[in-house]
Structures are given as structure tokens and as C-alpha cells.
Amino acid sequence: MSSLILKLQFQLLKSCNNLWTIGQISKYSQYSKQYVNPVPTKQDQQLLEESGEIKPLKFLPIKAACNNENSLYNYDPVVRKFHNFLMRGGNKDLARSLLDKAFENVKRMQLARYHKETDPEEKAKIITDPLKILHKAVENCKPLLVLISVKRGGAYYQVPMPIRETTATFYSMNWLIEAGSDKARTSRWHDRMAIELIDASENKGRVIKRKQDLHKQCEANRAYAHYRWG
Amino acid sequence: MPTLILRPLKKIWALPTQMRLFSSEATAAAVANNVQRKRAVALRTPADPLSHTEKDIGHSYTIPESILSSFFSLGGIPKTYAENIKTFNEAAIMIRPHTIELLNYLRKANYAHPPIRYVLYGKPGCGKTMTITHVLHFAHLSGFIVAHIPWVWNWYRRSRIQAVSSESKPGLVNLPIEAMTWLKYFLSQNEEIIIKSNLRTSKEYVWSPRETTPADSPLIELIQHGIGRVKYACDVVDVLIDELKLNSTNNRCKMMIVIDGFNAFFLPFSNLKKEDKSRVIPDQVTLAQTFFKAVQPDWCNGAVVVTVDQFNTRDEQPQETPLYLLKKRGLEVIDPFIPIEVPYLSTYEFHCLLDYYEDRLWIQRPGAREELEFLSVKNPYELFKLCAPL
């Protein structure tokens, strides 16, 4: 009898778990709705103070900042997001060290080019800052449309759909990471990644090609664009 | 460009969310704030190591291209430094107080007496090997013959190298290929000086019934024999050190013995194996015995500079002091010596080094010096690694 009750309990729990995964019922937040998001960096706080937006925030309860949101010298929101996409199995240390090494390689490669260049005008054009290169690469790889499969009249159609900024960033960063992983066994991820980042920042290379291919496919499938509605 | 994906359209779709923070414009503005101060300019000394004094501390000096392609052509400089020469577009070394101290000793020593032994010690990453590089440049310019071992543990590190029993010295083992490469390296550094001072062997050496080196033959021939006949390379190194000691005692040349990671000779283990697969202890190797002989004070007109390193122990919490690292056996070989500490950077040196990095574009976004100082504890190599992704 007791085993039956246990079984029932287990099934009940299982069904509850399924509910979470469906995504229709979200988990409750730790914070009530009046809590606002923290602003971790000093520069952003200063901007808020200058514009006067900080006034209402001063009297509201604020959520605790995430431990990877800080005001350290090497903090950057894009880099933080990149770390999170790069992380596998919760190993953030590894993700950080890999991207740091990729940055070092980018800098070494760009500085070698910088010192080799003799024409001062061309020299000024070379970007040697790895952070700027990452920003440029991520910006250049963002797609405008993606194909989403939609069922209409018993058949699935690949329908081009516009995406949000967040989704575009997700695509861009993950394509970059995949391109870095697509390498010979003998070479390292950070070596490959440095090349991919520099290429993408100059609007060429494999990731940019992938984006353009997707855009072409969207263009070809524009006849299905109206399946977006209804 | 297809009409569907024109850039301006993107603005309609892009919704103003919290992702605004992530756009490159906002971060670019933040970065621009950081960069408002002008880029620092590194302090430099045009002079060569012969004339470096206390006034030059904190400045950087450049090793000329000619020295790099001749004296350091077969290595002798650390690997990371060799990489940085490409990145920084020059081979610069910062002049530090302990180096000046050592250079002053070397300048003022009485060379009629037996060689003074200097032992460099310090925490990992403080710059012992870079100090050695600086001293090597000094020794080369002031006409020393330099017998330099870049890193002792490299002889014992690889288990693939088979140690061969020595024929001339029973109970010891030879590393023929290692000895041959060392001879090549020695020749590349000192060929000019040896030819110029016309050094010759003092007696006849018989290698085998057919091969001999007659008395009064040039030292270069002896070295060439060691390189050509790998079997005898270890014996040639042994004989060569003897001959050089004799020549410098007779005031025909000056010699400096420079050994990096000297305490590896006194470890109780190594990765080498004999023919019968038994392990070799470092001081069973003939090369080790040769260099023990080289650092003995039974010759004059020279100097001995060695470093001791924490990497060459397996203790869990090693100290960096020479007394601890050399142990009893090491002290028997090298005592008495002058210990020279290689310390962390001073605050002035720390700022000089960061100025140099900003000058050579190694730091792209200047600032945050206090944070770097705290994180690196003013350890130069740690600082270099922290600045790598910046």
C-alpha cells in the first residue's frame, strides 16, 4: 500500500516537473515586483545620475547584483554574455581563460600587422584593441531574419521571420563559438577563435558567409512570408 | 543587396530592451572615457649594459638586432620573451636594481682571485631568467667566454632520451645528443672570441685508436670533433671546460659560467632511464659532474652566476631561499657564494613597466593601475599575464 502511495506521489511530482518544462507556468521570482535591477558599473551609475534617472531608483528596493556583474577593470557586458554562451558544464573559469587567450592572440596578430605596415594611413585603420574587435565581430554577425518552421495545411514551411536584438546576439555569438570549434584536432580553440574574430570584424570569413547564406535563403523563401500571421 | 535586408529596416524590428547595454555604441563610449588620458611614454636608456648604472633603474634598454641574430641565434632567451620580441617589435629589458648590483660586482671584482659565485634567487615570475639574459649580454660585450645552460631540467625532463653508460667514467651515464646540442650552442655564442684569442689544447687527447686530438691544436677543432662524433660529445664537454679553465687561469681569456636552475642537479629523481630501465639520479650524469667541476674555485679570471628555482623541487610548500633549495649536497658544491635576491617590482618600477606596456600597445585600454597592482602583487610575470587580454 505504502509503495503505491509513493508511486502516486512520484507521478504527481513528475507531472509538476513537466509543467515547468512546458514553460507556460513560470517559476516564482525570488523578488517581488517592486524590486529593480541593479546597475553594477560606475560609469552607468554616473550616466543615470547625470540624466536624473537615478532619483526614483533611490527609494526602491534593488536586487542583489549577479556575481559576474561587477565594476572591475575588465568588465564588459558583451564579454560577460559571451562567457555565458561559451561555458560548458558550469566551467566558467575555463570559458574566461579561453576567451582571454583568444584576446591575447588577437592582440598579437593585430600588433604584428600594425608593426609591419609602413603606410601611416593604413596603420591608423588597423584596430589593435581585442575588445573593440569582439564588439565589431558580434555586431557584424548578427542576422536580421531567420527561418522558422511553420505548419500550414499539413506541410511545414520555412518562414523568414524578423528577430529581436537578443536573439540576433544569441545567433551571432553562437555562430562565432561554433566556428572556433570547427578546427583541426592539432590546433587550439583560442587560436582558431582569434582568426575568426578578426575576420568577422572585417566583414569576411566563415561566420559572415553563414549569415549571408541564411539571408539568401530568407530571400528565396519570401513567398511564405505571409505565413507569419494567422 | 536584396531589399528585404536593408540596414535601415533593422531599426523598426529592433526593440528597445535591456539589450541596449550590449550594443557596441554604449560600450564604445565607456571605453572612450577610459582612453581620454594620453598614452604613456616609456623611459629608455640608449646605452649598452657596460655602462648601466643606478640612474638607469626602471628604464628599458633594447638588445640590438645584431646580438639577437648572432649571440642568441640558437636560443638562450626564454620562450615567452622570444614571442614578445615579435609583438613589441623590439627586444627590451627593464633595468632593475638587483641587476645593477650584480653588474657592479662583476665590474669591480678582482679577477686575479678565484671566481666569485653569485646565486640569484627569488619567487617564480620575478625575473631571474631575464636577469641572466641581461648578464649574458653584459658578459658578451665585455669579452667573456660564456658557458651558459639555459635550463638544467631540460636535460632530465624527457624520458625518451636514453642515458648511455659512460666508457671513460665508470658508474656515470652520458647524454650524447644533449651534449652535442650544448656544444653547438656554445660554439654559436663564442666562436669569434675563441678564434680571436687563439685558444689551444694543452695536451693530447686520445678518443679511440684512430681518433686523437693532438696537443696545441685549436680549441675550435676540439669542439667540432664533439659535434661531429656524438659518441664522444660528453667527454669533449668535460675536456673543453678543463681547457677553458686552464686558459683563463693563464690569462688568455675570461670565462663566465652561467647556469639557470642550478638546483635541478641535486634532485633525488629524474625522468631519464638507463639501458636496463633503471632511473638515473641527476648527478650521475657526466654533464652534471662537468659543471660541478666548472663552478669550483680552482681557476681564476672568471665568474659564476647561477640561479636556484622553486620549480626544481617537489616539495608542497617550497621556500625560494638558496639554502633551502640547494640542500646539503648543493651547498657542498657551491658554498661560499654571494646570494642576490630578485625581488618583486617596487612601486616606481611597477609604473615604469606599465608605461612601457602602454607605449608598446600591450595594454590597449590604460587605467586600473591600482587593481592590477593588487591582483599581480607587483610580480612582473603575473602582471604581464593580467595585461595580456587587456
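Residues numbered from 1 in each chain as written. Chains lettered and ligands numbered in written order. Predicted model: local features only at pLDDT ≥ 70, side-chain atom pairs only at ≥ 80, totals over all residues. Heavy atoms only, no water.

Where an unreviewed UniProt entry is consulted, chain B appears under the name Small ribosomal subunit protein mS29, with the organism given as Laodelphax striatellus. In its Subcellular location (unreviewed entry) section, the UniProt entry covering chain B states "Mitochondrion". Under the UniProt heading Sequence similarities (unreviewed entry), the entry covering chain B gives this text: "Belongs to the mitochondrion-specific ribosomal protein mS29 family." (UniProt positions renumbered as here; feature names shortened; annotations may be inferred.)

Under an unreviewed UniProt entry, the name given to chain A is Small ribosomal subunit protein uS7 domain-containing protein, and the organism recorded is Laodelphax striatellus. Here chain A is described in UniProt, under the heading Sequence similarities (unreviewed entry), as follows: "Belongs to the universal ribosomal protein uS7 family."

Q: Honestly, the pairing of strand S9 (residues 254-259) of chain B in this entry has me stumped. Any pointers?
A: Working note: regular strand, side chains alternate between the two faces of the sheet. Residues and elements named next belong to chain B. Burial within S9 is extensive, with five of its six residues counted as buried. With five bridges connecting them, S9 and strand S10 (residues 302-307) associate as parallel partners. Counterpart to Ile257 in the pairing with S10 is Val304. Crossover S9 to S10 through helix H11 (residues 286-294) is right-handed. (Buried < 20%, exposed > 50% of the residue type's maximum accessible area, 1.4 Å probe, protein only. Helix = DSSP H or I, 4+ residues; strand = E, 2+ residues; numbered from the N terminus. Pairing = 2+ DSSP bridges. Right-handed = clockwise from strand over helix to strand, strands pointing away.)

Q: Would you mind going over the packing of helix H7 (residues 130-141) of chain A against helix H8 (residues 165-181) of chain A with me for this structure?
A: Relative orientation and spacing of two packed helices are given, respectively, by the angle between their axes and the distance between those axes. All names here are of chain A. One can describe the packing of H7 onto H8 by two numbers: an axis separation of 8 Å at closest approach and a directional angle of 115 degrees. As far as their axial angle goes, H8 and H7 are roughly perpendicular. Read as a crossing pair, H7 and H8 show a hand that is right-handed. Only Thr169, Ser172, Met173, Trp175 and Leu176 of H8 make contact with H7, whose side of the interface consists of Ala137, Val138 and Cys141. Of the residues in the contact of H7 with H8, the class split is six nonpolar, two polar and no charged. (Axes fitted to C-alpha atoms, helices over the stretch in contact; angles between N-to-C directions. Parallel < 35°, antiparallel > 145°, perpendicular 65-115°, else oblique. Left-handed = near helix turned anticlockwise from the far one by under 90°. Contact = heavy atoms within 4.5 Å. Nonpolar A, V, L, I, M, F, W, Y, C, P; charged D, E, K, R; others polar.)

Q: Can you walk me through a positive patch on the surface in this structure?
A: A cluster of basic residues, Lys101, Lys183, Arg185 and Arg188 of chain A, forms a positive patch at the surface. Its location among the elements puts Lys183 of chain A in the loop between H8 and helix H9 (189-201). (Patch = residues over 30% accessible without salt bridge, like charges linked within 9 Å, V, L, I, M, F, W, Y side chains within 5 Å. Areas by Shrake-Rupley, 256 points an atom, 1.4 Å probe, with all protein chains shown as cover. Salt bridge = Lys/Arg side-chain N within 4 Å of Asp/Glu carboxyl O. Lys, Arg positive; Asp, Glu negative; His and termini not counted. Charge placed at Lys NZ, Arg CZ, Asp CG, Glu CD.)

Q: Is there a simple way to explain the confidence of the model for chain A in this structure?
A: Caution applies to low-pLDDT parts of the model: their predicted coordinates are not meant to be read in detail. Mean pLDDT over chain A stands at 86; residues scoring 70 or higher make up 88%. Note that residues 15-25 of chain A has pLDDT below 50 and, in this model, five contacts with residues that lie over four places away or in other chains. (pLDDT = per-residue confidence, 0-100.)

Q: Explain helix H13 (residues 347-359) of chain B here, please?
A: What sets the pattern is the α-helix's 3.6 residues per turn: residues three or four places apart point alike. Relative to the 18 Å expected for 13 residues at 1.5 Å per residue, H13 of chain B spans 18 Å between its end C-alpha atoms, a close match to the ideal helical length. The inward-facing, buried residues of H13 of chain B abut strand S1 (60-62), helix H4 (79-88), strand S2 (92-94), helix H5 (97-108), helix H14 (369-376) and helix H15 (380-387) of chain B. (Expected span 1.5 Å × (residues − 1).)

Q: When you look at H11 of chain B in this model, what are you seeing that I'm missing?
A: Burial analysis of H11 of chain B places seven of its nine residues in the buried class, the great majority of the element. For H11 of chain B, every residue scored as buried is listed here: Thr286, Leu287, Ala288, Thr290, Phe291, Phe292 and Ala294 of chain B.

Q: Sorry, what's going on with the pairing of strand S3 (residues 116-121) of chain B here?
A: All names here are of chain B. For S3, the buried fraction is high: five of the six residues fall into the buried class. Where S3 lies against S10, five bridges are found, and the strand directions are parallel. Of the residues in S10, the one forming a bridge with Leu120 is Thr307. The sheet contact formed by S3 and strand S11 (residues 338-341) spans four bridges and is parallel. Bridge pairing in S11 links Tyr121 to Glu341.

Q: What is the right way to read unusual backbone geometry from this model?
A: Glycine aside, residues mostly have negative phi, and peptide bonds are mostly found in the trans state. All names here are of chain B. In this chain, Asp335 is followed by Pro336 through a cis amide linkage whose omega measures 0 degrees. Its place among the elements puts Pro336 in the loop between helix H12 (322-334) and S11. Within the chain, Asn198 stands out as a residue other than glycine whose phi angle is a positive 55 degrees. Looking at the element boundaries, Asn198 is found in the loop between helix H8 (176-196) and strand S7 (205-206). Overall, Asn198 belongs to the partly exposed group, its relative accessible area being 44%. Residues other than glycine seldom take positive phi values, yet Ala368 does so here, at roughly 60 degrees. In this structure, Ala368 sits in the loop between H13 and H14. Assessed through its relative accessible area of 29%, Ala368 is described here as partly exposed.

Q: Please explain the UniProt feature "domain: Small ribosomal subunit protein uS7" (unreviewed entry) in chain A as it appears in this structure.
A: Taken from the UniProt record, the annotation "domain: Small ribosomal subunit protein uS7" (unreviewed entry) applies to residues 75-222 of chain A. The distance from the first to the last C-alpha atom of residues 75-222 of chain A is 41 Å, and the span holds 66% helix and 11% strand.

Q: Just checking my understanding: could you explain the environment of Asn203 of chain A for this structure?
A: Residues and elements named next belong to chain A. As for its position among the elements, Asn203 is in the loop between H9 and helix H10 (206-220). In the structure, Asn203 is positioned 63 residues away from Asn140 in sequence and 6.5 Å away in space, judged by C-alpha atoms. Excluding anything up to four places from it in sequence, Asn203 contacts Asn140 and Ile208.

Q: Which parts of the structure should I look at to understand the sheet that holds S9 of chain B?
A: Residue and element names in this part refer to chain B. With parallel pairing, five strands are arranged side by side in an open sheet as S4-S9-S10-S3-S11. The open sheet terminates on both sides in strands that have one partner only, identified here as strand S4 (144-149) and S11. On average, each strand axis in the sheet is inclined to that of its neighbour by 20 degrees, with strand direction left out of account.

Q: What exactly am I supposed to notice about the packing of aromatic side chains here?
A: In this description, an aromatic ring pair is defined by two values, namely the gap between the centres and the angle between the planes. Residues and elements named next belong to chain B. Considering all chains together, one arrives at 30 aromatic pairs over all chains under this definition. Arranged with centres 5.0 Å apart and planes meeting at 5 degrees, the rings of Trp362 and Phe384 form a pair that is stacked. Of this pair, Trp362 sits in the loop between H13 and H14 while Phe384 sits in helix H15, placing them 22 residues apart in sequence. Residue classification places Trp362 among the buried residues on the basis of a relative accessible area of 0%. (Phe/Tyr/Trp six-rings, centres within 6.5 Å; stacked < 30°, edge-to-face > 60°.)

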